[in-house]
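Residue-level listing of the chains:
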Amino acid sequence: GAVVSQHPSWVICKSGTSVKIECRSLDFQATTMFWYRQFPKQSLMLMATSNEGSKATYEQGVEKDKFLINHASLTLSTLTVTSAHPEDSSFYICSASGGGAQETQYFGPGTRLLVL
Amino acid sequence: GNSVTQMEGPVTLSEEAFLTINCTYTATGYPSLFWYVQYPGEGLQLLLKATKADDKGSNKGFEATYRKETTSFHLEKGSVQVSDSAVYFCALRLYTDKLIFGTGTRLQVFP
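Student: Sorry if this is basic, but what is going on with the overall build of chain B here?
Tutor: Within chain B, the regular secondary structure consists of zero helices and 12 strands. Shown N-terminal to C-terminal, the secondary structure of chain B runs as helices and strands in the order β-β-β-β-β-β-β-β-β-β-β-β. Taken over the C-alpha trace, chain B has a radius of gyration of 13 Å; the compact-globule value for 111 residues is 13 Å, and the two agree within 12%. Principal-axis analysis of the C-alpha atoms places the extent of chain B at approximately 40 × 25 × 20 Å. Counting every position in chain B, which comprises 111 residues, the buried fraction comes to 45%. A separation threshold of at least 6 residues defines the contact pool for chain B, and within that pool the share at least 24 residues apart is 56%. Total accessible area on chain B is roughly 5300 Å²; 49% of this is exposed by carbon and sulfur atoms. Each charge class in chain B can be summarised by its mean position, and for the 10 positive and 11 negative side chains these summaries are 8 Å apart.

Student: Can you walk me through the interface of chain B and chain A in this structure?
Tutor: For an interface, size is often stated in terms of accessible area lost upon the parts coming together. Taken together, the 17 residues of chain B in the interface contact 21 residues of chain A. Between chain B and chain A, the buried area comes to about 1500 Å², and carbon and sulfur atoms account for 51% of it. In this structure, the connection of chain B to chain A is made through one salt bridge. In this structure, Glu59(A) engages Lys98(B) in a salt bridge whose closest nitrogen and oxygen atoms are separated by 3.0 Å. Linking chain B with chain A are three residue pairs in polar contact (both at pLDDT 80 or more), by the criterion used here. Elements with a contribution of two residues or more to the side of chain B that touches chain A: β5 (32-38), β10 (86-93) and β11 (99-101) of chain B.

Student: Help me understand the nonpolar core in this model?
Tutor: Buried together is how nonpolar side chains tend to be arranged in soluble globular proteins. Within the largest apolar cluster, 27 residues are counted, with the highest numbers of intra-cluster contacts made by Leu19(B), Trp35(B), Leu47(B), Leu48(B), Phe73(B), Leu75(B) and Tyr88(B). Ranked by the residues each element gives to this core, the list is headed by β10(B), at four residues. Setting aside residues up to four positions removed in sequence, Leu48(B) forms contacts with Leu33(B), Phe34(B), Trp35(B), Gly57(B), Ser58(B), Asn59(B), Phe62(B), Glu63(B), Ala64(B), Phe73(B) and Leu75(B). Of all hydrophobic cores here, the second largest spans 23 residues; its members include Val11(A), Met47(A), Tyr92(A) and Val115(A).

Student: Explain the state of the cysteines here, please?
Tutor: Two cysteines joined by a covalent bond between their sulfur atoms form a disulfide. If you walk through the whole model with that rule in mind, you get two disulfides over all chains. Covalent S-S linkage joins Cys23(A) and Cys94(A), the inter-sulfur distance amounting to 2.0 Å. Taking the sign of the torsion about the S-S bond as the criterion, the disulfide between Cys23(A) and Cys94(A), at about 80°, is right-handed. Placement of Cys23(A) in strand β3 (residues 19-25) and of Cys94(A) in strand β9 (residues 90-97) is noted, with a sequence separation of 71 residues between them. Both residues of the pair, Cys23(A) and Cys94(A), belong to the buried class. The residue that forms a disulfide with Cys23(B) is Cys90(B), at a sulfur-sulfur distance of 2.0 Å. Every disulfide takes its handedness from the sign of the S-S torsion; for Cys23(B) and Cys90(B) that torsion is -70°, giving left-handed. Taken together, the positions of Cys23(B) in strand β4 (residues 23-26) and Cys90(B) in strand β10 put the pair 67 residues apart, joining distant regions of the chain. Residue Cys23(B) shares its accessibility class with Cys90(B), and that shared class is buried. Cys13(A) takes part in no disulfide bond, and the closest cysteine sulfur, belonging to Cys94(A), lies 18 Å away.

Student: Explanation requested: the environment of Ser79(B) in the structure shown.
Tutor: All names here are of chain B. Counting through the fold element by element, Ser79 comes out in the loop between β9 (75-77) and β10. Between the C-alpha atoms of Ser79 and Glu16, which are 63 residues apart in sequence, the distance is 4.1 Å. Among all residues touching Ser79, those that are not within four sequence positions of it are Glu16 and Ala17.

Student: When you look at the sheet that holds strand β3 (residues 19-21) of chain B in this model, what are you seeing that I'm missing?
Tutor: Consider a sheet: its strands pair through backbone hydrogen bonds, and that pairing is either parallel or antiparallel. All names here are of chain B. Strand order across the open sheet formed by four strands is β3-β9-β8-β7, with antiparallel pairing between neighbours. Two strands bound the open sheet, and with one partner strand each, they are β3 and β7 (56-59). On average, each strand axis in the sheet is inclined to that of its neighbour by 15°, with strand direction left out of account. Looking at chain direction, β7 and strand β8 (residues 62-65) are connected through four bridges and run antiparallel. By the bridge assignment for β8, Asn59 is matched with Phe62.

Student: Would you mind going over the side chain of Thr82(A) with me for this structure?
Tutor: Residue and element names in this part refer to chain A. Within the secondary structure, Thr82 is located in the loop between β8 (76-81) and β9. What makes Thr82 buried here is its relative accessible area of 18%. For Thr82, the side chain forms a polar contact with the main-chain oxygen of Asp65, separated by 3.2 Å.

Conventions and cut-offs
- Sequence order sets the numbering: in each chain, residues are counted from 1 along the sequence as written.
- Each chain gets a letter, beginning with A, and each ligand a number, beginning with 1, in the order they are written.
- Where totals are concerned, whole chains, interfaces and linings use all residues; where local detail is concerned, this predicted model gives features only for residues with pLDDT of at least 70, and gives and counts side-chain atom pairs only at 80 or more.
- Side-chain measures were taken over the full set of non-hydrogen atoms in the model, leaving aside hydrogen atoms and water.
- Helical segments are the DSSP runs of H or I of at least four residues, strand segments are the runs of E of at least two, and each set is numbered from the N terminus.
- Both definitions apply: the radius of gyration is a C-alpha atom measure, and the globule rule equals 2.2 Å times residues to the power 0.38.
- The buried label applies to any residue whose accessible area, calculated with a 1.4 Å probe on protein chains only, is under 20% of its type's maximum; exposed applies above 50%, and partly exposed to all values in between.
- It only takes one pair of heavy atoms within 4.5 Å for two residues to be counted as in contact.
- Surface accessibility in these figures is a Shrake-Rupley result with a 1.4 Å probe; residues are shielded only by whichever protein chains are displayed.
- Charge counting treats Lys and Arg as positive and Asp and Glu as negative, with His and both chain ends excluded.
- By convention, the charge on Lys lies at NZ, on Arg at CZ, on Asp at CG and on Glu at CD.
- When two components associate, each loses some accessible surface as probed by a 1.4 Å sphere; the sum of these losses over both components is called the buried area.
- A carboxyl oxygen of Asp or Glu within 4 Å of a side-chain nitrogen of Lys or Arg is what we treat as a salt bridge.
- For this analysis, a polar contact is any N or O atom pair within 3.5 Å, provided that within protein one partner can donate a hydrogen and the other can accept it, and provided that sequence-adjacent residues contribute only side-chain to side-chain pairs.
- Nonpolar cores are built from buried Ala, Val, Leu, Ile, Met, Phe, Trp, Tyr and Cys residues. Side-chain atoms within 4.5 Å join them into one set.
- Working definition: a disulfide is two cysteine sulfur atoms within 2.5 Å of each other.
- Each pair of strands is called paired provided DSSP finds at least two bridges between the two strands.
- Each axis is a line fitted through C-alpha atoms, taken for helices only over the stretch in contact, and angles between the N-to-C directions span 0 to 180 degrees.

Just geometry here; none of it tells us what the structure is for.
See below:
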């Protein structure tokens, strides 16, 4: 099946710094990529949807200036957490699909972020 | 609003036991329903899906039937294996490509 990778798998940073997380589709072209956030014992919450070459669409309550998403190619999307704070510590998961409402989403393994 | 409710885990079973993980949903409209599985250290994988009422999704011995009258999509397997130990997520999708997930249920199977 289709494979999606994320890098890094975990990261620790100091408060106030920025962190970039990469999401790659390894064997297919991902027209659409999704970024989720997961808190312990809670659902995956969709943060934003990005289509290659266009601006991301953010869910209500997600600060677009804090969580910068770039989807510059059909195989790569990045999430940058700017000026990270301890409350941004979480598990971030991306998924990718070939596009369209009926397309299967393929998920990356996630990135655990800890902000000190 | 649209939401998915799953039974809390962990669910602990002995090998070859029968598994049921409950999932109910609330949706404005007629959603497609999914079960995803996440093995340790891996991404979520689609396990099975159903797109309309009374459909039964099945894969790897797992089954779930889309019950519109009870707004449910319970996951079942007749005989679990240690290798089935994972976290299982129920999800729905309406008319867009957005998935709405439940909180996940951890299954632990012991030999």
